[in-house]
Amino acid sequence: MNNNFRRGFVLVISSPSGAGKTTICKKIIEEIDSIDLSVSVTTRQKRKNEIDGKDYFFRSDKEFRIMENNKEFLENANVFGFSYGTLKREVISKIEKGIDIIVDIDWQGTRQIQKHIPNDIVKVFILPPSIKELENRLGKRASEDKKNFLKRMSEARKEISHYTEYDFVIINNEIEKAVNQIKSILFSERLRRYRQLNLNIFVDNLK
Ligand code: 5GP
């Protein structure tokens, strides 16, 4: 019997888009066991290089509404005029199996998850190293037009203003460093007493 069975948790990673969050999340998934990335549903257009079912489930407004009415979302929000949602099925059964789930969502979604499962959420906010760097990164997204770019910059500033609602804040100066910092958070959170479900049995055997 596995005396050390633990409950997984939701590792929320928020940041303004362009702070390097997607790259960081992918590295964490590649380098660490027992952690998955939740694939969200969105109504926004697919960008070049994105794959349906891998980066997002790209759905129409109507399809999104049906899923919302069927209560399929753990949280959902409107970001930049498009709907985004985290599927319950991507999260709940996994944390019960001891798998941690990274969700890359905005502050609105974070608040909703915090309300539903306050003991199973760890919130990390990633800041870009400077506004100039953020502009560079957002400007480099070829599929975004100028108007969209300016809108994203203004949304980025709004997103940044919510950093105080998070448990941990990381400044992404250097990707490897940011990844290592998230790993430390992850490994520490895995050791929380209340996540280690069979500790009492283990301790009884020590008597
Ligand atoms: P992008 O369209 O650039 O991939 O993401 C735009 C913003 O939407 C990012 O801040 C991202 O964190 C947020 N986002 C992505 N998926 C979800 C989701 O399922 N729920 C919420 N609330 N926000 C999301």
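Everything below is about the structure printed above this text.
Values in this document were obtained by computation on a predicted structure and should not be read as measured data.

Reading guide: rules and limits
- Residues numbered from 1 in each chain as written.
- Predicted model: local features only at pLDDT ≥ 70, side-chain atom pairs only at ≥ 80, totals over all residues.
- Heavy atoms only, no water.
- Patch = residues over 30% accessible without salt bridge, like charges linked within 9 Å, V, L, I, M, F, W, Y side chains within 5 Å.
- Areas by Shrake-Rupley, 256 points an atom, 1.4 Å probe, with all protein chains shown as cover.
- Salt bridge = Lys/Arg side-chain N within 4 Å of Asp/Glu carboxyl O.
- Helix = DSSP H or I, 4+ residues; strand = E, 2+ residues; numbered from the N terminus.
- Buried < 20%, exposed > 50% of the residue type's maximum accessible area, 1.4 Å probe, protein only.

### Some thoughts on a nonpolar patch on the surface
Inference 1: Taken together, the side chains of Phe-202, Val-203 and Leu-206 present a nonpolar region at the surface, about 270 Å² in accessible area.
Inference 2: Position of Phe-202 among the secondary structure elements: in helix H8 (residues 199-204).
Inference 3: Under the relative-accessibility criterion, Phe-202 is labelled partly exposed at 33%.

### A short note on unusual backbone geometry
Inference 1: Here the phi dihedral of Lys-71 falls at roughly 55°; this positive angle occurs in a residue that is not glycine.
Inference 2: Despite not being glycine, Phe-80 has its phi angle at roughly 55°, a positive value.
Inference 3: Secondary-structure assignment places Phe-80 in the loop between strand S5 (73-79) and strand S6 (82-87).
Inference 4: Here Phe-80 falls in the buried class, since its relative accessible area comes to 16%.

### Considering the pattern of salt bridges
Inference 1: This model, assessed by the stated rule, comprises 17 salt bridges.
Inference 2: A salt bridge links Arg-111 to Glu-165; the shortest N-O distance between them is 2.9 Å. Remark: Glu-165 occurs in the loop between helix H6 (146-160) and strand S9 (168-171) and Arg-111 occurs in helix H4 (residues 107-116); sequence separation between them is 54 residues.
Inference 3: The partly exposed category is assigned to Glu-165, whose relative accessible area is 26%.
Inference 4: A salt bridge links Glu-189 to Arg-192; the nearest nitrogen and oxygen atoms lie 2.7 Å apart.
Inference 5: The class of Glu-189 is buried, set by a relative accessible area of 5%.
Inference 6: Here the residues in one salt-bridge network are Arg-6, Asp-100 and Arg-190, joined through shared partners.

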